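# Coordinates in review
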Amino acid sequence: MSGKSFSKVLVANRGEIACRVMRTLDAMGIASVAIHHAAEAGAAHARMAGEAVEIAGDTPVAAHLDGRQIIEAALETGAEAIHPGYGFLSENAGFARMVAEAGLTFIGPDADVIALMGDKISSRNFAQKHGVPVAPSVMPTEELDEFVRQAEAIGFPLLIKASAGGGGKGMSIVREASGLREAARIAASEAQRYFGDGRVYAETYVERPRHIEVQVLGDGEGGAVHLGERECSVQRRFQKIIEEAPAARLPASLRDEICEAAVRLAKAAKYRNAGTVEFILGADGRFFFLEMNTRLQVEHPVTEMVTGIDLVRAQIEIAAGKGLPLAQKDVRFEGHAIECRICAEDPERDFMPETGRVARLRVPDRDWLRFENALDEGRAVTADFDPMLAKLVAHGPDRSMAVERSIAALKDLALLGVTTNIDYLGRVLDHPAFRAGDLHTGFVSEHREALAEAEPEPGILAAALAAAAMGLREFRDLVEAVPEPHATIGGWRN
Amino acid sequence: MALQLRLKGREHSIEIVARRPELVLRIDGVEHRVAVMPGAVMLDGRAYLFDEGVTGDRHFVRIDGRTFDLEAVDPDLEEEAAAGGLDVIRAPMPGAVVSLAKAEGDQVRRGETVLTIESMKLQTALTAPRDGVIERIVRQEGQTFDKDEAVVLLVPLEEDAREQTS
């Protein structure tokens, strides 16, 4: 395959992922176009791009979901292709179709494949048809009475989801009949609000499940390879916070079986682009298809670190018709990589999102470390976007070194001005069960007490209090005043 | 008057004991010899490196891989808060009210859902912190609020109130 090449690509995203995509565009000598809402004027991704186009919307998120405006921006700036990143319009079949109709290249699969994989039911049926195992389930419906009747028939525990959903929205685990109707009602209402599709879906919930996913690359003509698996079992609120490659303690034969199932699915779908096939793995070794994400994944850097393959470059070359970058037999794995998602949230308050301002950012510099971010000191952290602030990705020759390095890097990182989960992530990595690779998606709640922050050492607490006191101007003035002050101290403000 | 710094709801006091020949601070009742320079604090002869970040009234100090989120206590505001005394359901994060499960005047049991809010695209049920009666719904369906804002006010059940006064 020879294919075409792009000279300019619009990145229809923001934050760390827009910056990460543009880094590869730069390396490939391709010009980049960023989009931004007025609320993010001057943001890192907009500064990094060759050109930045402002898009309008009632909210910043609404602007980033306005496909028509984004396509216009691409046409006006002369971009030939659109890279959607993850989230926003990345798995929107209608957008992919509009991009193609505008004569541009969507860096992703065909709209029909997005639609096929974007629906829990059609993707599940497709997987089943092609010999990929699926879990017993209730067909999606808006009829709550029928849903409850069928769900009760499967038995508990049950996992309830929005049929069109993702990202944990509308999801819950129901363990007995009494909670079923309310959980279904909430799921249906969230499904309607966020996806415009009120259908809900339920399936057998696997106890102590592990989340194992396989990175695939497909050429769109039935060719596909896998780049190994990732384990993303450490989650809170149904969202991943720590991911690693390869999975710990996964027997080689089972790993091969799972990766082969993913490749089978990608080939059957004539999948084009980088994609991820997600599975749930039970303690008994049974695994079930969860879904396929038809885009670059948040946690893609761990795969890049162990394979040495730039997934964004692969996406762009595949979209340009240049085919797969390598054959399966040439895929090599080296060492172990761990990603920690740094979020503006309070682990002590059920991981509720937090707001604030990036008052201080100091990032350790190591050749085994990637710190994916688009942060600027002074910029507000608002509730406008997802609470993920950055990703800290460390590589090591083996899993225990990757764990040690991740802990050291988290300890060394300063991101101050908003409550984050940085210290919490360090405690997860340091937990004996994590070190032993004894993971499942209930890890965070199972080890809740052990993962709580311990009381500080008295010396460190006193040092912190002294440092903070001396950072208050009124207090410092009292300490430094000449002659000795007689006045009492008033209000303490920064 | 000692400086009060609040950490996770707990107050810590810091007083200047001596300024010369070296600074001595009484921190939570214990005297320490202190010297602070940019990025480092010496406490009783031991050096600690730190990072700091200040935003509004919040003073973040990071030492040895641990972040302290400190706030100087304003004595005036504290008195106001103490004068309240009503049971309040506060918003745990900024968002909007999706639905109300209770109306003003309704009785609620501890843990019962009073309203459902939505924030960061997630719906969360807010429950009654104790048995009581809904006195006032401050934020109605569709209305937005900031973090820590009072959304519903509770008063004790009348029988409880009688018991308490008798």
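Residues numbered from 1 in each chain as written. Chains lettered and ligands numbered in written order. Predicted model: local features only at pLDDT ≥ 70, side-chain atom pairs only at ≥ 80, totals over all residues.

### A few points about the sheet that holds strand E14 (residues 132-137) of chain B
All names here are of chain B. Keep this limit in mind: Strand pairing follows a simple DSSP-based rule, namely that at least 2 bridges must link the two strands. The helix and strand labels rest on DSSP assignments: H or I over at least four residues marks a helix, E over at least two residues marks a strand, and numbering proceeds from the N terminus.
The strand order across the open sheet formed by 4 strands is E9-E16-E14-E11, and the pairing between neighbours is antiparallel. Two strands bound the open sheet, and with one partner strand each, they are strand E9 (87-90) and strand E11 (107-108). Pairing analysis gives 4 bridges linking E14 to strand E16 (residues 150-155), with the strands arranged antiparallel. Across the sheet, isoleucine 137 pairs through a bridge with valine 152, a residue of E16.

### Quick notes on unusual backbone geometry
Here the amide bond leading from phenylalanine 156 of chain A into proline 157 of chain A is cis, since omega sits at -5°, within 30 degrees of zero. Note that proline 157 of chain A resides in the loop between helix H8 (144-154) and strand E7 (158-162). Between alanine 245 of chain A and the following residue, proline 246 of chain A, the backbone shows a cis peptide bond with an omega angle of -5°. Among the secondary structure elements, proline 246 of chain A is positioned in the loop between strand E12 (239-245) and helix H10 (252-268). The phi torsion at aspartate 28 of chain B lies on the positive side, around 50°, for a residue other than glycine. By secondary structure assignment, the location of aspartate 28 of chain B is in the loop between strand E3 (23-27) and strand E4 (30-37).

### What about the interface of chain B and chain A?
Formally: For every residue pair, C-beta atoms are placed from the backbone, and the pair is scored as a contact if these atoms sit within 7 Å. Gly counts as polar in this scheme, as do all residues outside two lists: the nonpolar Ala, Val, Leu, Ile, Met, Phe, Trp, Tyr, Cys and Pro, and the charged Asp, Glu, Lys and Arg.
Tallying the contact residues gives 47 residues for chain B and 45 residues for chain A. Residue contributions to the side of chain B that touches chain A peak at 8 residues, all from strand E6 (residues 46-55) of chain B. Residues belonging to the side of chain B that touches chain A are distributed by class as follows: 26 nonpolar, 9 polar and 12 charged.

### Points about the confidence of the model for chain B
Residues and elements named next belong to chain B. Using the following cut-off: Confidence of the predictor at the level of single residues is captured by pLDDT, which takes values from 0 to 100.
On average, residues of chain B score 84 in pLDDT, and 87% of them are at 70 or above. At the low end of the mean pLDDT range in chain B sits helix H1 (residues 75-83), at 50; at the high end sits strand E5 (residues 40-43), at 97. Here residues 161-166 is modelled with pLDDT under 50, and outside its nearest four sequence neighbours on either side it reaches 1 contact, counting other chains as well. Predicted as a complex, the structure gets a pTM of 0.81 and an ipTM equal to 0.84.

### Points about the domain arrangement of chain B
To keep things clear, this is the line we draw: Each domain's limits were defined by an automated method or a database of domain assignments.
For chain B, the assigned domains read domain 1 (3-73) and domain 2 (85-165). With centres defined by C-alpha atoms, the gap from domain 1 of chain B to domain 2 of chain B works out at 38 Å.

### Comments concerning the sheet that holds strand E2 (residues 10-18) of chain B
Backbone-to-backbone hydrogen bonds pair the strands of a sheet. The strands run either parallel or antiparallel. For clarity, the threshold we go by: Here, axes are lines fitted to C-alpha atoms. For helices the fit covers the stretch in contact, and angles between N-to-C directions go from 0 to 180 degrees.
Pairing is antiparallel around the closed barrel formed by 8 strands, whose spatial order is E1-E2-E3-E4-E5-E6-E7-E8 (chain B). The average undirected angle you get between the axes of adjacent strands in this sheet is 35°. The sheet contact formed by strand E7 (residues 58-63) of chain B and strand E8 (residues 66-72) of chain B spans 6 bridges and is antiparallel. Along E8 of chain B, the bridge assignment pairs arginine 58 of chain B with glutamate 71 of chain B. Against the sheet, helix H18 (residues 458-471) of chain A engages strand E1 (3-7), E2, E3, E4, E5, E6, E7 and E8 of chain B, with an angle of about 140° to E7 of chain B.

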